[in-house]
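An overview of the molecular structure
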There are 2 protein chains.
Amino acid sequence: MELEAAALAANEAFYAPFNQKDAALMDAIWADSADVTCIHPGWNLLQGRDGVLESWRNILTNPAQPRIVTGGAKVSLHGSIAVVVCRELVGGSPLIATNVFVLESETWKLLHHHSGPVLGGNG
Amino acid sequence: MELEAAALAANEAFYAPFNQKDAALMDAIWADSADVTCIHPGWNLLQGRDGVLESWRNILTNPAQPRIVTGGAKVSLHGSIAVVVCRELVGGSPLIATNVFVLESETWKLLHHHSGPVLGGNG
């Protein structure tokens, strides 16, 4: 698959376990070798695979966690790095995310996720 | 200068024109060749150099815009890309930023900026 299309597919694949509440799938989405980082909406930085994946397990096992809908993904390719920006809609609240993927064994894996609220009034 | 230190220096240099209200300096910070993108706190995505730089000119010429203080920058290097995450404090409000830099003529230039609020209660 062409690299840009593959990066967009990886971005979609990142959101699938969110709705499927599948922690094992979420684990497989994230980069293995890299020092991964994650900023949930309103949170401080989480750094390292253990802390990041623990935060996702807590989110995925929270019965009150609403589903996520995403759209408008745009990808920017730079060698072994793909920067994807997309909209997120969680329980009716608009968010915007930066997702940075790294090529590991020819597969795009998530290196950094940063999601924050869109408060409206522009764009 | 070693690449990681240079990326951290580029990240600091990005915030200098903010406090100096220097639009020309801000222009020079951003990548030339790349399709730059910017997400200000609470905003939707801005895409392309013209729109991104116009938003910064508006911010820098706003007399009510408070100063920014930054800290805790962490860099992750991947070939010609550096992903920097740092804290921002704007008018007493805590924010967190993802800044993605690309090497252009051996100089780190800003490709993507995403800043969003930290609402407290974690980290």
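The structure we're discussing is the one just above.
Just so it is clear, the structure is predicted and the values come from calculations on it, not from any experiment. (Residues numbered from 1 in each chain as written. Chains lettered and ligands numbered in written order. Predicted model: local features only at pLDDT ≥ 70, side-chain atom pairs only at ≥ 80, totals over all residues. Heavy atoms only, no water.)

1. A few points about the overall build of chain A
Regarding its fold elements, chain A presents 3 helices and 6 strands. Starting at the N terminus and ending at the C terminus, chain A contains elements arranged as α-α-β-β-α-β-β-β-β. Expected size for 123 residues packed as a compact globule is a radius of gyration near 14 Å; at 14 Å, chain A falls within 12% of this value. If one aligns the C-alpha atoms of chain A with their principal axes, the spans along those axes are about 35 × 35 × 25 Å. (Helix = DSSP H or I, 4+ residues; strand = E, 2+ residues; numbered from the N terminus. Rg over C-alpha atoms; globule rule 2.2 N^0.38 Å.)

2. Focus on the relation of the copies chain B and chain A
In screw terms, the move from chain B to chain A is a rotation of 180° and a rise of 0.0 Å along the axis, fitting with an RMSD of 0.0 Å. Taken together, the rotation angle and the small translation identify this as a two-fold axis. By C-alpha distance to the rotation axis, the residue of chain B lying nearest is Gly116(B), at 2.7 Å. Residue by residue, 100% of the interface of chain B is reproduced at the interface of chain A, so both copies engage with the same surface. (Least-squares fit on C-alpha atoms with pLDDT ≥ 70 in both. Contact = heavy atoms within 4.5 Å.)

3. Quick notes on the interface of chain B and chain A
Residue-level contacts link 27 residues of chain B with 27 residues of chain A. Here chain B meets chain A over a buried area of about 2,500 Å², counting both sides, of which 65% is carbon and sulfur. At the junction of chain B with chain A, the criterion picks out 0 salt bridges. The tally of links between chain B and chain A comes to 6 residue pairs in polar contact (both at pLDDT 80 or more). Mapped by element, the contributors of at least two residues to the side of chain B that touches chain A are strand 3 (68-78), strand 4 (81-90), strand 5 (93-104) and strand 6 (107-117) of chain B. (Buried area = accessible area lost by both parts, 1.4 Å probe. Salt bridge = Lys/Arg side-chain N within 4 Å of Asp/Glu carboxyl O. Polar contact = N/O pair within 3.5 Å; in protein donor to acceptor, adjacent residues only side chain to side chain.)

4. With respect to the sheet that holds strand 1 (residues 37-39) of chain B
Residue and element names in this part refer to chain B. Pairing is mixed across the open sheet formed by 6 strands, whose spatial order is 2-1-6-5-4-3. The two strands at the open ends of the sheet, each matched to only one other strand, are strand 2 (46-47) and strand 3. Pairing geometry for strand 1 and strand 6, over 3 bridges, is parallel. In the sheet register, Ile39 faces strand 6, and the bridge partner there is His114. (Pairing = 2+ DSSP bridges.)

5. Here's the deal with the pattern of salt bridges
All names here are of chain A. Following the criterion strictly, the structure yields 4 salt bridges over all chains and no others. Asp32 is the partner of Arg49 in a salt bridge, and the nearest nitrogen-oxygen pair spans 3.5 Å. With Arg49 in helix 3 (residues 49-60) and Asp32 in the loop between helix 2 (23-29) and strand 1 (37-39), this pair connects stretches of sequence that are 17 residues apart. Residues joined in a network through salt bridges with shared partners are Asp27, Asp32 and Arg49.

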